[in-house]
Protein chains: 10
Amino acid sequence: MEYLVHITVSLPPGMPSGERQELYAAEAVQAASLARAGRLVRLWRIPGRTANWGLWHANDATQLHDALTSLPLWPYMDIEVVPLARHPNDPAG
Amino acid sequence: MEYLVHITVSLPPGMPSGERQELYAAEAVQAASLARAGRLVRLWRIPGRTANWGLWHANDATQLHDALTSLPLWPYMDIEVVPLARHPNDPAG
Amino acid sequence: MEYLVHITVSLPPGMPSGERQELYAAEAVQAASLARAGRLVRLWRIPGRTANWGLWHANDATQLHDALTSLPLWPYMDIEVVPLARHPNDPAG
Amino acid sequence: MEYLVHITVSLPPGMPSGERQELYAAEAVQAASLARAGRLVRLWRIPGRTANWGLWHANDATQLHDALTSLPLWPYMDIEVVPLARHPNDPAG
Amino acid sequence: MEYLVHITVSLPPGMPSGERQELYAAEAVQAASLARAGRLVRLWRIPGRTANWGLWHANDATQLHDALTSLPLWPYMDIEVVPLARHPNDPAG
Amino acid sequence: MEYLVHITVSLPPGMPSGERQELYAAEAVQAASLARAGRLVRLWRIPGRTANWGLWHANDATQLHDALTSLPLWPYMDIEVVPLARHPNDPAG
Amino acid sequence: MEYLVHITVSLPPGMPSGERQELYAAEAVQAASLARAGRLVRLWRIPGRTANWGLWHANDATQLHDALTSLPLWPYMDIEVVPLARHPNDPAG
Amino acid sequence: MEYLVHITVSLPPGMPSGERQELYAAEAVQAASLARAGRLVRLWRIPGRTANWGLWHANDATQLHDALTSLPLWPYMDIEVVPLARHPNDPAG
Amino acid sequence: MEYLVHITVSLPPGMPSGERQELYAAEAVQAASLARAGRLVRLWRIPGRTANWGLWHANDATQLHDALTSLPLWPYMDIEVVPLARHPNDPAG
Amino acid sequence: MEYLVHITVSLPPGMPSGERQELYAAEAVQAASLARAGRLVRLWRIPGRTANWGLWHANDATQLHDALTSLPLWPYMDIEVVPLARHPNDPAG
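Here the structure is a predicted model, which means the values were calculated and not measured. (Residues numbered from 1 in each chain as written. Chains lettered and ligands numbered in written order. Predicted model: local features only at pLDDT ≥ 70, side-chain atom pairs only at ≥ 80, totals over all residues.)

### Digging into the sheet that holds strand S4 (residues 77–83) of chain F
Quick reminder of the rule: Pairing between strands is defined by DSSP: at least two bridges between them are needed. Every helix listed is a DSSP run of H or I at least four residues long, and every strand listed is a run of E at least two residues long, numbered separately from the N terminus.
Strand order in the open sheet made by the five strands is S5(E)-S2(F)-S3(F)-S1(F)-S4(F), with antiparallel pairing throughout. Of all strands in the sheet, those bounded by a partner on one side alone are strand S5 (85–86) of chain E together with S4 of chain F.

Okay, here's the thing in structure tokens:
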């Protein structure tokens, strides 16, 4: 089952630059791992914001929750999940 | 450039069933045509609603506008467009 | 997978009383059928409103969409779907 | 009388990990106690969020308030309560 | 148990003046009956609007729903219900 | 003139427990004083929240403002005031 | 006591031009009468809209309600009332 | 040109009482100066809140911006500006 | 003084195609006239919608109101006006 | 492709005045550089607020994102981007 997921990242203002860079590096590694596992399908940046829309794939909401909370930036994320059903006009349908 | 597009369809309550079916058939034809042209990439139904999220591709907002207004159901649509930027962690990047 | 579903029913003001009663009777029959099929688990009225919250069970959002659109009152419904994940403190978990 | 209750938990960013774990452990104990007392009936996680929807049972809003404020995480909770009336199509009715 | 109830009345624009007056007269009669039964405790007009806030008393949300739907103007009402718990500083407590 | 007043109390997270208890004790004293003066008529807790709805009586908005700002918890309050007009169906009218 | 009042006027789309002009003429007459009575103090148009902000004066919300409902356009108005208290820095205070 | 301006003041929780009093005193002085200059025409308190509605006069939005930012409390203000046009029924018109 | 103006156009569903085309033709003529008069500076379409953002220039809100209401489509428009002040970093400043 | 961009700046309350002035000076330099590069076309202040609306030009949302994040104040900005399509009545069209 596919989900659109909207994620906003809000790091604490005073976080040291090094810690910030480590977090983002770890995030890239875990995102790649979730992509290989078939959880994360696409990811787009919302221009001007530390926010993204992503297309995710999971068996159910519990598996999706586990994938999202595995992200190193998860403690700093605000997340909204949109469940998706099949559309008859989907070009990939 | 990619866009996420949210479309809600609200047909007038009294529209005859035949006219409704013709519109939906024409919509499917035009959606397929836009998919072949590379405008419409993915389309998902929002469960329980006559609404969808779609992934669209266009050179700019004017070309996107032309694609959306070519849909037979367009006069009955409420549309919101989200411009998307490249994300470094996009699996398809 | 479980879903919380919020449904608001808005019948057209001028609908004849007989048609309205037939629709509600058919709705009760189909709700019972969906309950037997395991789709509809619980249903509560929001006091003062022609609206309800329901607990639904479906394999995925497409099966949920099919269940919701099978309701005779569906053309008059505004529906919002909340996907649910397992909570470790759920008494029924 | 049944209630749907939406709870969002926001722990202070700097809370030490040990204190956090103790709080969550105590929360699980008290949730189980409220379940045995018949106050907490079901609990679902909202995917991606430290938030839940729950089905609660109480004689009135004062008894529900007492149950909710007995939770160890209550000082960190934002809570919305939806009172529920009996629906004629409720499968459990 | 007490409830604050917010009611907005929207009569159809074209309703004949006589029908409107009959409805309001019947509403006054039923409001008085609900007051005698102990359901309706206080009622205030929101200035400038065909809307009111009321203080209602009912055993539970189902009894409150039955009281509200017994009002002749109910088909034209939009209603929001706020459940109330006892406050230790309530002068009437 | 009567007013419905919605008050949300947000104490700073780190306030010592003793200071908190003193504030709440002083609040109860001042609420009782405002009740004796005829300013505060009823007070209800919103279940699950540190918030209340109250029925207040004052000659005008300035007298109401003075009553509300006399509360020891006022610096921590977010307040919304609803002015009320007489309703012909008010049981107490 | 002073009030800020926000009024939006929405005439039915099909109202004949003559009826519309008569209503607006009657509105001007009644607005002038309310100004002479000291109810209506100032009136400003919100640019681009059939809406206004006004400064009104009334003893209480009931007198204000009576003034607002005396306007010929009242059946077509959506009205929001803001009660005002004295400010120590008011140049007219 | 006239403007309605809505101002909410949020002083930092920990500001010492003396600093707070100095700021409010300086605010009163500058408000009086703006009144003499014809910028500030009326000012009303929103009951229960550290917020106000004001009627301001300025040649254009730049002059209004300069007046608002000259207020000592400006760094702690959230401000919304409503531009006003002449209304034919304005008693002061 | 410059203004950003957001306009949404909602023609009645049943308007005959000829009348619609005449209105749009007249709109184009009047927009060109307002551009020559210096009122309308720029106009952009919001993709997918019958809505636009425009940059307008007027001496004050009353002159802007007169320009907007001179548009043939005005009776079908919902309009929001944002007053603009000079910014020191404006490239055209 | 053109974009309307709404930016709100929120500097931390305790930032020293010197650091603040340096940031704003660097912001002016970078804004001028983006104007020379054709990214930033117009910039307007929203009266009373540390916020602006700007007209930006970029090939796509990724180039726009790079321009916005190059601003020294970007870490303190909340940004919303509106994609713009060509309007047939645009005076500059």
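Picking up where we left off.
### Comments concerning the interface of chain G and chain E
Note the following rule: The contact rule is simple: place each C-beta atom from the backbone, and if two of them lie within 7 Å, those residues are in contact. Note on residue classes: Ala, Val, Leu, Ile, Met, Phe, Trp, Tyr, Cys and Pro are nonpolar, Asp, Glu, Lys and Arg are charged, and everything else, Gly too, is polar.
With eight residues of chain G in contact, the opposing surface of chain E contributes five residues. Per element, the largest residue contribution to the side of chain G that touches chain E is four residues, and it comes from helix H2 (residues 61–69) of chain G. For the side of chain G that touches chain E, the per-class residue count stands at seven nonpolar, one polar and no charged.

### Looking at the relation of the copies chain G and chain E
Quick note on the threshold: To superpose the copies, least squares is applied to the C-alpha atoms of every residue with a pLDDT of at least 70 in both.
Expressed as a screw transformation, the operator carrying chain G onto chain E has a rotation angle of 72° and an axial translation of 0.0 Å, and the superposed copies differ by an RMSD of 0.0 Å. Here the symmetry operator amounts to a five-fold rotation axis.

### Side note on the sheet that holds strand S4 (residues 77–83) of chain G
The strand order S4(G)-S1(G)-S3(G)-S2(G)-S5(H) describes an open sheet built from five strands, whose pairing is antiparallel. In this open sheet, the two edge strands, each paired with only one partner strand, are S4 of chain G together with strand S5 (85–86) of chain H. Looking at chain direction, strand S2 (residues 40–45) of chain G and S5(H) are connected through two bridges and run antiparallel. Among the inter-strand pairings, G:Trp44 is bridged to a residue of S5(H), identified as H:Arg86.

### Considering the arrangement of the chains
You won't find any contact between chain B and chain F; their C-alpha atoms come no closer than 31 Å. Kept free of each other, chain G and chain J leave a smallest C-alpha distance of 17 Å between them.

### Concerning the relation of the copies chain A and chain B
With an RMSD of 0.0 Å, the operation that places chain A on chain B is a rotation of 180° combined with a shift of 0.0 Å along the axis. This pairing of chains is accounted for by a two-fold axis. A share of 100% of the interface residues of chain A reappears at the interface of chain B, consistent with the copies meeting face to face through the same patch.

### Focus: the confidence of the model for chain A
Applicable threshold: Values of pLDDT, which run from 0 to 100, indicate the predictor's confidence residue by residue.
When pLDDT is averaged across chain A, the result is 97; 100% of the residues are at 70 or more. For this predicted complex, the interface confidence reaches an ipTM of 0.95, while the overall pTM sits at 0.97.

### Comments concerning the interface of chain A and chain B
Across the contact, 25 residues belong to chain A and 25 residues belong to chain B. Elements supplying a minimum of two residues to the side of chain A that touches chain B: strand S1 (2–9), helix H1 (17–36), strand S2 (40–45), strand S3 (51–57), strand S4 (77–83) and strand S5 (85–86) of chain A. For the side of chain A that touches chain B, the element with the most residues is S2(A), which contributes six residues. A class-by-class count of the residues in the side of chain A that touches chain B yields 17 nonpolar, three polar and five charged.

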